[in-house]
Amino acid sequence: MWIVELAFTDAPERFAARPAHRQLLTALHADGIVRMSGPLADDSGAVLVFDVPDRPALDRLLTQDPYYSTPGVRVVGAREWAPFLT
């Protein structure tokens, strides 16, 4: 599994792109690829958990969603995670 952390600004492009992004995340969740996601409580960013086997698979997913390259959205980091409870 992989944890992706995003940082946000108040750029209007981010808000315009968010509905399509959330729709895609919902479909990926139904497929078991996105385990959970959501904004930080202060809306300064978000955390997403992807269930994919490796970094290339994660990078492909991030490339397929234009939200991650939208003004106002920055991928701060992506780290492999090995949970013992799910």
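Above this note sits the structure.
Residue numbering note: each chain is counted from 1, following its sequence as written. The predicted origin of the model limits local features to residues at a pLDDT of at least 70 and limits the giving and counting of side-chain atom pairs to 80 or more, whereas totals for whole chains, interfaces and linings rest on all residues. With hydrogens and water set aside, each side-chain value is computed from the structure's full complement of heavy atoms.

Student: It is not clear to me how the overall build of the protein chain should be interpreted in this structure. Could you clarify?
Tutor: Only DSSP runs of H or I reaching four residues or more are called helices, and only runs of E reaching two or more are called strands; each is numbered from the N terminus. A tally of helices and strands in the protein chain yields two helices and four strands. Scanning the protein chain from its N terminus toward the C terminus, one meets helices and strands in the order β-α-β-β-α-β. The C-alpha atoms of the protein chain give a radius of gyration of 12 Å, which matches the 12 Å a tight globule of 86 residues would have. Projected onto the principal axes, the alpha-carbon positions of the protein chain cover approximately 35 × 25 × 20 Å. Taking all 86 residues of the protein chain together, 34% fall into the buried category. Look at the contacts in the protein chain between residues 6 or more apart in sequence, and 69% of them connect residues 24 or more apart. Where accessible areas are quoted, they stem from the Shrake-Rupley method and a 1.4 Å probe; at the residue level, only the protein chains shown are allowed to cover. Counting only carbon and sulfur atoms, one obtains 57% of the accessible surface of the protein chain, whose full area is about 5,400 Å². Atoms considered for the radius of gyration are the C-alpha atoms alone. The globule rule reads 2.2 Å times the number of residues to the power 0.38. Burial classes follow relative accessibility: with a 1.4 Å probe on protein chains only, a residue under 20% of its type's maximum area counts as buried, one over 50% as exposed, and anything between as partly exposed. Residues are treated as being in contact if the distance between any of their heavy atoms lies within 4.5 Å.

Student: What is the right way to look at the nonpolar core in this model?
Tutor: Looking at soluble globular proteins, one finds that nonpolar side chains tend to be buried together. Ranked by internal contacts, the top residues of the largest apolar core, which has 19 residues, are V4, L6, L48, F50, V52, L58 and Y68. Taken together, the elements giving at least two residues each to this core come down to strand 1 (2-8), helix 1 (12-30), strand 3 (45-50), helix 2 (55-64) and strand 4 (73-80). With near-sequence residues (within four places) excluded, L58 lies in contact with W2, V4, F50, V52 and A78. Nonpolar core, defined: a set of buried Ala, Val, Leu, Ile, Met, Phe, Trp, Tyr and Cys residues in which side-chain atoms within 4.5 Å join the residues together.

Student: What is the right way to look at the sheet that holds strand 3 in this model?
Tutor: Think of a sheet as strands paired side by side through backbone hydrogen bonds, with each pair either parallel or antiparallel. Reading across the sheet, the four strands line up as 2-3-1-4 and stay open at both edges, with antiparallel pairing between neighbours. Looking at the sheet topology across the chains shown, the edges are occupied by strand 2 (34-39) and strand 4. Looking at each pair of strands side by side, their axes are set apart by 15° on average, direction ignored. In this fold helix 1 packs onto strand 1, strand 2, strand 3 and strand 4, with an angle of close to 155° to the strand it touches most, strand 2. Two strands are said to pair when DSSP picks up at least two bridges between them. With axes taken as lines fitted to C-alpha atoms, and helix axes fitted only over the stretch in contact, angles between N-to-C directions fall between 0 and 180 degrees.

Student: Teacher, can you tell me more about helix 1 here?
Tutor: Each full turn of the α-helix corresponds to 3.6 residues, which orients residues three or four apart in the same direction. Expected helix span is computed as 1.5 Å times (number of residues minus one). Spanning 19 residues, helix 1 covers 28 Å between terminal C-alpha atoms, matching the ideal 27 Å at 1.5 Å per step. The seven residues ending at a residue and the seven starting there each receive a fitted axis; the angle between those axes is the bend at that residue. The largest bend along helix 1 reaches roughly 40° and is located at R18, with the proline P19 sitting one to four residues downstream. Every buried residue of helix 1 is listed here: R14, H21, L25 and L28. Contacts made by the buried residues of helix 1 are with strand 1, strand 2, strand 3, helix 2 and strand 4. G32, located one to two residues past helix 1, shows a positive phi value of around 80°.

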